Amino acid sequence: MAAVVMDGKALAAKIREQVRLQVEQMEHKPGMAMVLVGENPAAQVYEAGKRKDCQQCGIYYETYRLPEDVPQKELLDVISFLNDREGIDGILIQFPLPAHLDGREIQLAIRPDKDVDCVHPSNMGDLTFGVDSFWPCTPAGVMRLLAEYNIDPAGKNCTMVGRSNIVGKPQAMLLLRRDCTVTVCHTKTPDLAAECRRADILISAAGCPGLITADMVKEGAVVIDVAVNRDGQGKLCGDVDYAAVAQKAAYITPVPGGVGPVTRAVLMENTLTAALRHGKG
């Protein structure tokens, strides 16, 4: 029996509408600023999506475009300016930054209460300790998808393929908070297939097309594909061999149309949360 396709577009639309309705009742609207360094085409597409999402939700939006060779101090000055702006509740920096910039110093410069993408170490620390804080948008999106399809992680085994700071590590923390037993795999994992076959919930964010094949998936597993890659023909794809795995899994996310749209919607939700914490209403 074919897997249930987890519709990220539908869930994202629901989240955006919930945000829009709440923003509509606010006298002082939430505001978000995005800082782009360089002219990366993918980043430009990403920025356009954020602008559209904010428009749909009634959130004020600004973009700050800086040249590829921007000095560290100039970028820090922009962040300082946004930190002090009462109209801006969320600051989003497009990572990765060019090699000459110190990414850690940039992360530390963002005010934690405006860090809607959860890149500041204090927010990541709160996440680890189970303190209420912003959740990174992609891992939070995965948790929202699981909840939407009534999939309770408690007592289940999860294999997380990928250990990045933006997905793998925080995803493991969120699942642990929901009483899931989590195995985190990476390039040095000796038998990835065996680790994956143990998983009731299999999440992949490795950035490797075709990495997860049907023989690596337990019958009836939940398969969440976070990766966004391009195959040999330039078509968008994830890490999972979708057609084959969909015949074996109970639930599966498509690429595109799965985790990605929910990630974007969660950013809108985080910006609303930041505005409410700033006393807007």
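Residues numbered from 1 in each chain as written. Predicted model: local features only at pLDDT ≥ 70, side-chain atom pairs only at ≥ 80, totals over all residues. Heavy atoms only, no water.

Colleague: Honestly, the pattern of salt bridges in this entry has me stumped. Any pointers?
Modeller: Oppositely charged side chains can form a pair if their charged atoms are brought close together. Counting across every chain of the model gives 15 salt bridges. Between D53 and R264 there is a salt bridge, with the nearest N and O atoms lying 2.8 Å from each other. One end of the pair, D53, is in helix α2 (residues 41-57); the other, R264, is in helix α10 (residues 259-277), with 211 residues separating them in the sequence. On the accessibility criterion, D53 (2% relative accessible area) is buried. One salt-bridge network, held together by shared partners, links E17, R20 and E24. (Salt bridge = Lys/Arg side-chain N within 4 Å of Asp/Glu carboxyl O. Helix = DSSP H or I, 4+ residues; strand = E, 2+ residues; numbered from the N terminus. Buried < 20%, exposed > 50% of the residue type's maximum accessible area, 1.4 Å probe, protein only.)

Colleague: How should the sheet that holds strand β1 (residues 4-5) be read in this particular structure?
Modeller: To summarise the sheet geometry, strands pair through backbone hydrogen bonds and adopt either a parallel or an antiparallel arrangement. Read from one edge of the open sheet, 6 strands run β1-β11-β8-β7-β5-β6, paired in parallel fashion. Edge positions in the open sheet fall to β1 and β6 (181-185), since each of these has one partner strand only. Bridge analysis of strand β7 (residues 201-204) against strand β8 (residues 222-225) gives 4 bridges, and the strand direction is parallel. By the bridge assignment for β8, I203 is matched with I224. Seen against the sheet, helix α7 (residues 168-177) touches β5 (157-161), β6 and β7 and runs at an angle of roughly 170 degrees to β6. (Pairing = 2+ DSSP bridges. Contact = heavy atoms within 4.5 Å. Axes fitted to C-alpha atoms, helices over the stretch in contact; angles between N-to-C directions.)

Colleague: Could you clarify how one ought to interpret the packing of aromatic side chains in this entry?
Modeller: Ring pairs (aromatic) are described by centroid distance and by the angle formed between their planes. Applying the stated criterion across every chain yields a total of 2 aromatic pairs. Look at Y64 and F81: their rings are 6.4 Å apart centre to centre, the planes differ by 70 degrees, and that puts the pair in the edge-to-face class. Separated by 17 residues along the polypeptide, Y64 in strand β3 (residues 60-66) and F81 in helix α3 (residues 72-84) bring together distant segments of the chain. Seen from their ring centres, Y149 and Y251 are 6.2 Å apart, and the 65 degrees between their planes marks the pair as edge-to-face. In this pair, Y149 is assigned in the loop between α6 (137-148) and β5 and Y251 in strand β11 (residues 251-252), connecting sequence segments 102 residues apart. Its relative accessible area of 24% is what places Y251 among the partly exposed residues. Sitting over the ring of Y46, K50 keeps its end group 3.5 Å from the ring centre. Taking NZ or CZ as reference, R277 lies 4.9 Å from the ring centre of F134, over its face. (Phe/Tyr/Trp six-rings, centres within 6.5 Å; stacked < 30°, edge-to-face > 60°. Lys NZ or Arg CZ within 6 Å of the ring centre and 35° of its normal.)

Colleague: What is the right way to look at a negative patch on the surface in this model?
Modeller: On the surface, E39, E68, D69 and E74 cluster together into a patch of negative charge. Along the polypeptide, D69 turns up in the loop between β3 and α3. (Patch = residues over 30% accessible without salt bridge, like charges linked within 9 Å, V, L, I, M, F, W, Y side chains within 5 Å. Areas by Shrake-Rupley, 256 points an atom, 1.4 Å probe, with all protein chains shown as cover. Lys, Arg positive; Asp, Glu negative; His and termini not counted. Charge placed at Lys NZ, Arg CZ, Asp CG, Glu CD.)

Colleague: Help me understand the pairing of β5 in this model?
Modeller: It is a general feature of regular strands that their side chains alternate between the two faces of the sheet. Of all 5 residues that make up β5, 4 are buried, and the element is covered over most of its length. For β5 and β6, the ladder comprises 5 bridges, and the chain directions are parallel. Its bridge partner being in β6, V161 is matched across the sheet by C185. Considered for its hand, the β-α-β crossover made up of β5, α7 and β6 is right-handed. Bridge count between β5 and β7: 4 bridges; the pairing is parallel. Bridge pairing in β7 places T159 opposite L202. (Right-handed = clockwise from strand over helix to strand, strands pointing away.)

None of the figures reported here should be taken as evidence of function without further support.
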